[in-house]
Amino acid sequence: MASNLGQGQEDKLVALIPYSDNRLKPRRTKLYVCLAVFTTLLACGLLIFFLMPREVQVSNNSITGINVYVNKTQHVVWIYIESEVNVTNWNFFPVTMGQMSMQVLYHETVVGKSVTMATDQVPIRAHKQVKVAVNTTFDDSNNLAYVSELCSNPIDWVHHLILQLQITCSTSYLSHSENLTLTDYEYVDCGMVIPPITIPPGPLDQPLLSL
């Protein structure tokens, strides 16, 4: 049965489409869903991979400079030590260094301390060298006055001192702070000395004699 539609009544008509009509079956829906899930998982995986904190390593390049002062009369030995410390950043973001401290021990007795402000950044997956210097003292105040006799001994192996270096470096990254520690042992030959003096060496910022 047909009827005539008035003008403007077309918008009120409802079309009946069979359930089996292909127009009711969305195309590539599963593909789009899979691509969206894969893209999300990939983005999350990359974000975790690049932002996951990795190890920041501290290593000692051994002693790079040394000056020895011996006063055999007063039984005092002063040894100025310079060392290079490597800070290696394995992260995919820069790491900021804070202060770096070094403590020197001889036979479990502290003979010298120093603090260096190393406010610098270690770039992504790179390393940076920091020079650390410390003055050490062997005298009656720490019961090591006998070291002056060792350093004056003509026998070569006698004036080889084994020093323990304890290095601490503070770092920060991604609102996280961490103290890195390193313990190292170094041989120091105090037999090559400057003629005996009666005053200690100058501050670290003053030029010292080179051997």
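All of these numbers come straight from a predicted model, not from anything done at the bench.

## Thoughts on the pairing of strand S7 (residues 160-173)
Note that strand S3 (residues 95-106) and S7 share 8 bridges and pair antiparallel. Within S7, the position partnered with Met97 by the bridge is Thr171. Sheet topology note: the S7/strand S8 (residues 176-189) ladder contains 14 bridges and is antiparallel. If you follow Leu163 over to S8, its bridge partner there is Glu186. In sequence, S7 turns back onto S8 through a hairpin of 2 residues, with Leu174 there showing a positive phi of about 50°.

## Quick notes on the pattern of salt bridges
Oppositely charged side chains can form a pair if their charged atoms are brought close together. By the definition in use, this model includes 1 salt bridge. Between Lys128 and Asp120 there is a salt bridge whose closest N-O contact spans 3.5 Å.

## A closer look at the sheet that holds strand S1 (residues 56-71)
Read from one edge of the open sheet, 3 strands run S1-S2-S6, paired in antiparallel fashion. At either end of the open sheet lies a strand with only one pairing partner, and these are S1 and strand S6 (126-138). Geometrically, the sheet is characterised by an average inter-axis angle of 15° between neighbouring strands, direction not taken into account. As judged from the 13 bridges shared by S1 and strand S2 (residues 76-89), these two strands associate in the antiparallel manner. Bridge pairing in S2 places Val70 opposite Val77.

## Observations regarding the nonpolar core
Within the largest apolar cluster, 36 residues are counted, with the highest numbers of intra-cluster contacts made by Ile79 and Phe138. Every element with two or more residues in this core is listed here: S1, S2, S3, S6, helix H2 (147-152), S7 and S8. In this view, Ile79 contacts Ile66, Asn67, Val68, Val134, Asn135, Thr136, Phe138, Leu161, Val188 and Cys190; residues no more than four positions away in its chain are not counted.

Scoring rules and cut-offs
- Residues numbered from 1 in each chain as written.
- Predicted model: local features only at pLDDT ≥ 70, side-chain atom pairs only at ≥ 80, totals over all residues.
- Heavy atoms only, no water.
- Pairing = 2+ DSSP bridges.
- Helix = DSSP H or I, 4+ residues; strand = E, 2+ residues; numbered from the N terminus.
- Salt bridge = Lys/Arg side-chain N within 4 Å of Asp/Glu carboxyl O.
- Axes fitted to C-alpha atoms, helices over the stretch in contact; angles between N-to-C directions.
- Core = buried A, V, L, I, M, F, W, Y, C linked by side-chain atoms within 4.5 Å.
- Buried < 20%, exposed > 50% of the residue type's maximum accessible area, 1.4 Å probe, protein only.
- Contact = heavy atoms within 4.5 Å.

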